[in-house]
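# What the coordinates show
One-letter residues, chain by chain:
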Amino acid sequence: MGAGKTTVGRKLARLMKVAFIDTDQFLEKRTGVSIAHIFEIEGEQGFRERETRLFEEISSGSNAVISTGGGLALNPENRTRMEQTGEIIYLRADVEILWKRLKNCHTRPLLQTPNPRLRIEELIIQRDPIYTEMADHIVEVTSGSAIKAAHLIRKKLESTGWSANTKKN
């Protein structure tokens, strides 16, 4: 949340000459409503179920850079699918960077709390160990531009033999 998955992912997809899919944007387009609206009507559990079904569908398709919502990896089923179908890049940012990027954001349901900065800290504490364990590559995104991050990721992928025609079995 706020690490730049969509921005960096879009740039990486261009560099790698593959499609780009943002799961949140795809879900909004498919349902015709915002993520916040889905949370409001169905709660987080309903949203996560939709997210899982969507990820199952898109991850079985052709090669693409897929930017997932920050909570997708909380589901063990999703983690397994991620590990089986692609290289996992963790864009890591510290609390201060995320707070600076998100403090004026009013569209993220998980931050609609009396203390959104504390909520960011809680999410990092919860998610960082999971992301770290499953990541094939970790990229610190505390400084620099999105295009620099995308170039770094491409370099990391290419150094491991990955190409646009590579898919894990």
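What comes next is a walk through the structure. This one's a predicted model, so the numbers in the text were calculated from it and none came from an experiment.

### Notes on the pattern of salt bridges
Under the criterion given, the structure shown has 9 salt bridges. A salt bridge links Arg 48 to Glu 51, with the shortest nitrogen-to-oxygen separation between them at 3.0 Å. Here the residue Arg 48 and the residue Glu 51 both occupy positions in helix H3 (residues 35-59), the gap between them amounting to 3 residues, near one helical turn. What you see here is one network of salt bridges that share partners, running through Glu 44, Arg 48 and Glu 51.

### Quick word on helix H1 (residues 5-16)
With 12 residues, H1 should reach 16 Å at 1.5 Å per residue; the first-to-last C-alpha distance of 16 Å fits that figure. For H1, every residue scored as buried is listed here: Val 8, Gly 9, Leu 12, Ala 13, Leu 15 and Met 16. For H1, the buried positions fall inside an angular range of 160° around the axis, keeping them on one side. Two residues or fewer after H1 comes Lys 17, characterised by a positive phi angle close to 60°.

### Concerning the nonpolar core
Within soluble globular proteins, side chains that are nonpolar generally end up buried alongside one another. Counting residues in hydrophobic clusters, the biggest one holds 44 residues, and the most contacted among them are Val 8, Met 82, Leu 91, Val 141 and Ile 153. Of the residues forming this core, the biggest block, 7 residues, is contributed by H3. Setting aside its immediate chain neighbours within four residues, Leu 91 contacts Ala 3, Gly 4, Lys 5, Val 8, Val 139, Val 141 and Ile 153.

### Focus: helix H5 (residues 95-102)
What H5 keeps buried is the set Val 95, Ile 97, Leu 98 and Leu 102. The buried residues of H5 occupy one face: seen down the axis, they fall within an arc of 165°. Buried positions along H5 lie against helix H6 (116-134). Where H5 begins, the side chain of Asp 94 points an oxygen toward the backbone nitrogen of Glu 96, at a separation of 3.2 Å.

### Overview of the environment of Tyr 131
When you line up the elements, Tyr 131 lands in helix H6. Residue class for Tyr 131 comes out buried when judged on its relative accessible area of 17%. Along the sequence, Tyr 131 and Thr 113 sit 18 residues apart, while their C-alpha atoms lie 24 Å from each other. Excluding residues within four positions of it along the chain, Tyr 131 makes contact with Gly 70, Gly 71, Ala 73 and Tyr 90.

So, how was this worked out
Residues numbered from 1 in each chain as written. Predicted model: local features only at pLDDT ≥ 70, side-chain atom pairs only at ≥ 80, totals over all residues. Heavy atoms only, no water. Salt bridge = Lys/Arg side-chain N within 4 Å of Asp/Glu carboxyl O. Helix = DSSP H or I, 4+ residues; strand = E, 2+ residues; numbered from the N terminus. Expected span 1.5 Å × (residues − 1). Buried < 20%, exposed > 50% of the residue type's maximum accessible area, 1.4 Å probe, protein only. Arc of directions from axis to C-beta. Core = buried A, V, L, I, M, F, W, Y, C linked by side-chain atoms within 4.5 Å. Contact = heavy atoms within 4.5 Å. Polar contact = N/O pair within 3.5 Å; in protein donor to acceptor, adjacent residues only side chain to side chain.

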